[in-house]
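Fold and geometry: a report
This is what each chain is made of:
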Amino acid sequence: MERVADGVHRVAQGYVNAYLVDGDEGVVIVDTGLPRRHGVIESALAGIGRAPTDVVAILLTHAHADHTGGAARLAASTGAPVIASTRDAPAVRGDEPVPPPPIMDGWLRFLARLVPKAEPATVDHAVDETHRTGLPGDLTVLETPGHTPGHISYLLDRAGGILFVGDAAVAKDGAVGRGFFNRATPAWRGSIAHLAEHDFETALFGHSGPIESAASVAFTRYAASI
């Protein structure tokens, strides 16, 4: 576990990141990592002096199993509501097939097929930019389709703004990139442009390290280049 911002901790499960947001109202989990690895997040909660009952919400950026894998078990152990996007919620629940990741690299596409399926999870609140019932008051939903049709990112109003990017992009050496798991579709380009419209100091990603300062500037530069 690594502190990456004020009260925000990255919980790495190999190449997958989940996040704990600790605040006065309790703890918010952003993405839940791989299936059968929920114990890693429970241990991280203990590491920051919190109990499962301190969790007030479980937020998902999208329906892929490396982000929803612990959702059902963590919801059971914490009693916290699960929040996902309106479009991806049926896949999280198991009512629709999970959309395959738009992975460009053949080797990574093979590895993605080895990830176990996530246990279906109840979605207590389906959110988008106009429907935010259940979302903690210091978090905003930004619709960022492309990686999945209903991919969303979350902007936390803290420390100059902290963006949870999910898999909409990756970071390398302080710069934003598409990564091997996105295609340069109009929807994806529009999502990057949408993120660049907002101000935030820090950006936290699903599969890379953070951008810890002037992160919105990095998104603005990248949006202008694609």
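One structure accompanies this document, and this report is about it.

Calculation criteria
- Residues numbered from 1 in each chain as written.
- Predicted model: local features only at pLDDT ≥ 70, side-chain atom pairs only at ≥ 80, totals over all residues.
- Heavy atoms only, no water.
- Helix = DSSP H or I, 4+ residues; strand = E, 2+ residues; numbered from the N terminus.
- Buried < 20%, exposed > 50% of the residue type's maximum accessible area, 1.4 Å probe, protein only.
- Contact = heavy atoms within 4.5 Å.
- Areas by Shrake-Rupley, 256 points an atom, 1.4 Å probe, with all protein chains shown as cover.
- Lys, Arg positive; Asp, Glu negative; His and termini not counted.
- Charge placed at Lys NZ, Arg CZ, Asp CG, Glu CD.
- Pairing = 2+ DSSP bridges.
- Axes fitted to C-alpha atoms, helices over the stretch in contact; angles between N-to-C directions.
- Left-handed = near helix turned anticlockwise from the far one by under 90°.
- Nonpolar A, V, L, I, M, F, W, Y, C, P; charged D, E, K, R; others polar.
- Core = buried A, V, L, I, M, F, W, Y, C linked by side-chain atoms within 4.5 Å.
- Arc of directions from axis to C-beta.
- Parallel < 35°, antiparallel > 145°, perpendicular 65-115°, else oblique.

Turning our attention to the overall build of the protein chain. Looking only at helices and strands, the protein chain has seven helices and 13 strands in total. Each principal axis of the C-alpha atoms in the protein chain carries an extent, and together these give about 45 × 35 × 35 Å. Per-residue burial for the protein chain yields a buried fraction of 51% across its 226 residues. A fraction of 64% describes how many contacts in the protein chain between residues 6 or more apart in sequence connect residues 24 or more apart. About 9,800 Å² of surface is accessible on the protein chain, with carbon and sulfur atoms providing 52% of the total. Looking at charge distribution, the protein chain has the averaged site of its 18 positive side-chain charges lying 9 Å from that of its 26 negative ones.

Another point: helix H3 (residues 71-78). What H3 keeps buried is the set Ala-71, Ala-72, Leu-74 and Thr-78. Next to the buried residues of H3 lie strand S4 (26-30), helix H1 (38-47), strand S5 (55-59), helix H2 (65-68) and strand S6 (82-85).

As a further point, take the sheet that holds strand S1 (residues 2-5). Pairing is mixed in the open sheet, where seven strands are placed in the order S1-S2-S3-S4-S5-S6-S7. One side of each edge strand has no neighbouring strand; the edge strands of this open sheet are S1 and strand S7 (125-127). Averaged over all pairs of adjacent strands, the angle between strand axes in this sheet comes to 25°, irrespective of strand direction. One ladder, built from three bridges, connects S6 with S7; its direction is parallel. Note on S7: the bridge partner recorded for Ser-85 is Val-127. Along the sheet face, H1 touches strand S2 (8-13), strand S3 (16-23), S4 and S5 and points at about 150° away from the line of S2. Relative to S5, H3 is tilted by about 165°, and along the sheet it contacts S4, S5 and S6.

Contact geometry for helix H6 (residues 186-196) and helix H7 (residues 215-225): axes closest at 8 Å, N-to-C directions at 145°. Crossing of H6 over H7 shows left-handed handedness. In this structure, H6 uses Trp-188, Ile-192, Ala-193, Leu-195 and Ala-196 to contact H7, whose residues at the interface are Phe-219, Thr-220, Tyr-222 and Ala-223. Grouping the amino acids of the contact of H6 with H7 by side-chain chemistry returns eight nonpolar, one polar and no charged.

Core analysis: the biggest nonpolar cluster contains 24 residues, and Leu-20, Ile-29, Ile-41, Val-55, Ile-58, Leu-60 and Val-92 have the highest contact counts within it. Elements with a contribution of two residues or more to this core: S3, S4, H1, S5, H3, S6 and helix H4 (89-93). Not counting the four nearest positions on each side in its chain, Ile-29 is found in contact with Tyr-19, Leu-20, Ile-41, Val-55, Ala-57, Ile-58, Leu-59 and Leu-74.

Turning next to the pairing of S1. Consecutive side chains along a regular strand alternate between the two faces of the sheet. The pairing of S1 with S2 spans three bridges and is antiparallel. Opposite Arg-3, over in S2, you have His-9 as the bridge partner. In this structure, the hairpin formed by S1 and S2 is closed by a connection of two residues, where Gly-7 is found at a positive phi of approximately 70°.

Once that is clear, we can look at H1. Every buried residue of H1 is accounted for by His-38, Ile-41, Ala-44 and Leu-45. When H1 is viewed along its axis, its buried side chains cluster within an angular range of 115° and face the same direction. Summarising the geometry of H1, the exposed residues directed more than 90 degrees from the buried face are Ser-43, Ala-46 and Gly-47. In this fold, the buried residues of H1 make contact with S2, S3, S4, S5 and H3. Immediately downstream of H1, the backbone of Gly-49 shows phi near 75°, a positive value.

Once that is clear, we can look at the packing of H1 against H3. At a closest axis distance of 9 Å, the pairing of H1 and H3 adopts a crossing angle of 40°. In terms of orientation, H1 lies oblique with respect to H3. Every residue of H3 that contacts H1 at His-38, Ile-41 and Glu-42 is listed here: Arg-73, Leu-74 and Ser-77. Among the residues forming the contact of H1 with H3, the class breakdown is two nonpolar, two polar and two charged.

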